[in-house]
Amino acid sequence: DLDSDLKLTADGAFIGTPLYMAPEIGRVPDVDGRVDIFSLGVTFYYMVTGVQPFRGFKTMEILSARAHDRIKPPEKHVTDLPEELRKVLGKMLCKDRDRRYLDMDELIDDLERLGRGEPVKAPDPELWGAGGGSSKPGKPSRRSRPPAEVSGEENLLQNPMVWVIGFALAISVVLIALIIVLINT
């Protein structure tokens, strides 16, 4: 029937925004949940830095995965980024899916560690090299503020729980949208 044909995706068709697509999409036949972790990593990077990681790249650079090697370290946009948060972002955005989080449980485990102020299991990200984070200041952006402008006892950007809560909210929105799409199909 025509209505059901309109809801189906053609084999080999790309669905989604290239800015959020994992590099393996269109290259391997067996994509799995790690593509979603990559997409969430792009969203998380944007939430943390205020800048899309692939801003300025052409669509073909993104789809051919050439742009994935040139994502700027988040500390180039946010100078006081906690090192453990940088590690989580790096693992989520890893170009090689086998080095990304294996599943959401592994990611959530690291996010919970981050929220408790414990070291995460994610290694220093190969994507940006080791030793970034708050010890390596970058070019300030609209998200970076000099210490004189920080109000209250603690800069919120340095509180890992703020990032965990924000990220949990983002995951919730994605899951709700997915449920709505599944119900309507």
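Definitions and limits used
- Residues numbered from 1 in each chain as written.
- Predicted model: local features only at pLDDT ≥ 70, side-chain atom pairs only at ≥ 80, totals over all residues.
- Heavy atoms only, no water.
- Axes fitted to C-alpha atoms, helices over the stretch in contact; angles between N-to-C directions.
- Helix = DSSP H or I, 4+ residues; strand = E, 2+ residues; numbered from the N terminus.
- Parallel < 35°, antiparallel > 145°, perpendicular 65-115°, else oblique.
- Left-handed = near helix turned anticlockwise from the far one by under 90°.
- Contact = heavy atoms within 4.5 Å.
- Nonpolar A, V, L, I, M, F, W, Y, C, P; charged D, E, K, R; others polar.
- Core = buried A, V, L, I, M, F, W, Y, C linked by side-chain atoms within 4.5 Å.
- Buried < 20%, exposed > 50% of the residue type's maximum accessible area, 1.4 Å probe, protein only.
- Patch = residues over 30% accessible without salt bridge, like charges linked within 9 Å, V, L, I, M, F, W, Y side chains within 5 Å.
- Areas by Shrake-Rupley, 256 points an atom, 1.4 Å probe, with all protein chains shown as cover.
- Salt bridge = Lys/Arg side-chain N within 4 Å of Asp/Glu carboxyl O.
- pLDDT = per-residue confidence, 0-100.

Remarks on the packing of helix α4 (residues 83–92) against helix α5 (residues 104–116)
The description of two packed helices rests on the angle between their axes and on the distance between the axes.
Okay, so step 1: Between α4 and α5, the shortest axis-to-axis distance is 10 Å and the interhelical angle comes to 170°. Considering their axes alone, α4 and α5 lie roughly antiparallel with respect to each other. Crossing angle aside, the handedness with which α4 passes α5 is left-handed. In this structure, α4 uses Glu84, Leu85, Val88, Lys91 and Met92 to contact α5, whose residues at the interface are Glu106, Leu107, Asp110, Leu111 and Leu114.
Okay, so step 2: Partitioning the contact of α4 with α5 into residue classes produces 6 nonpolar, no polar and 4 charged.

Focus on the packing of helix α2 (residues 34–49) against α4
Okay, so step 1: Two numbers describe how α2 lies on α4: the axes approach to 8 Å, and their chain directions differ by 140°. With respect to α4, the axis of α2 lies oblique. In this structure, α2 crosses over α4, and the sense of that crossing is left-handed. Residues Ile37, Phe38, Leu40, Gly41, Phe44, Tyr45 and Val48 of α2 lie in contact with α4, whose contacting residues are Leu85, Val88, Leu89 and Met92.
Okay, so step 2: Taken together, the residues of the contact of α2 with α4 break down into 10 nonpolar, 1 polar and no charged.

Concerning the nonpolar core
Okay, so step 1: By size, the foremost hydrophobic cluster in this structure holds 29 residues, and its most contacted members are Phe44, Val88, Met92 and Phe167.
Okay, so step 2: Those elements that place two or more of their residues in this core are α2, α4, α5 and α6 (160–183).
Okay, so step 3: Of all the elements, α2 adds the most residues to this core, at 8 residues.
Okay, so step 4: Excluding its chain neighbours within four sequence positions, the residues that come into contact with Phe167 are Leu40, Phe44, Met47, Met92, Leu107 and Leu111.

Here we look at a nonpolar patch on the surface
Okay, so step 1: Taken together, the side chains of Leu175, Leu178 and Leu182 make up a nonpolar region of the molecular surface, amounting to roughly 290 Å² of accessible area.
Okay, so step 2: You can call Leu182 exposed: its relative accessible area is 54%.

Side note on the pattern of salt bridges
Okay, so step 1: By the definition in use, this model includes 13 salt bridges.
Okay, so step 2: Between Arg86 and Glu75 there is a salt bridge, with the nearest N and O atoms lying 2.9 Å from each other. Placement of Arg86 in helix α4 and of Glu75 in the loop between α3 (59–63) and α4 is noted, with a sequence separation of 11 residues between them. As far as burial versus exposure is concerned, Arg86 and Glu75 are alike and both buried.
Okay, so step 3: Of the charged contacts in the structure, one is a salt bridge between Glu106 and Lys91, with a shortest N-O distance of 3.2 Å. Within this pair, whereas Glu106 is found in helix α5, its partner Lys91 is found in helix α4, the two being separated by 15 residues in sequence.

Observations concerning the confidence of the model for the protein
Okay, so step 1: Confidence in the prediction for the protein averages 74 pLDDT; 64% of positions are at 70 or higher.
Okay, so step 2: Ranking the elements of the protein by mean pLDDT puts helix α1 (residues 2–7) last with 46 and α4 first with 94.
Okay, so step 3: In this model residues 1–10 is a low-confidence stretch, pLDDT under 50, and it forms 2 contacts with partners more than four residues away in sequence or in other chains.
Okay, so step 4: The model gives residues 134–154 a pLDDT under 50, and that stretch makes 29 contacts with residues more than four places away or in other chains.

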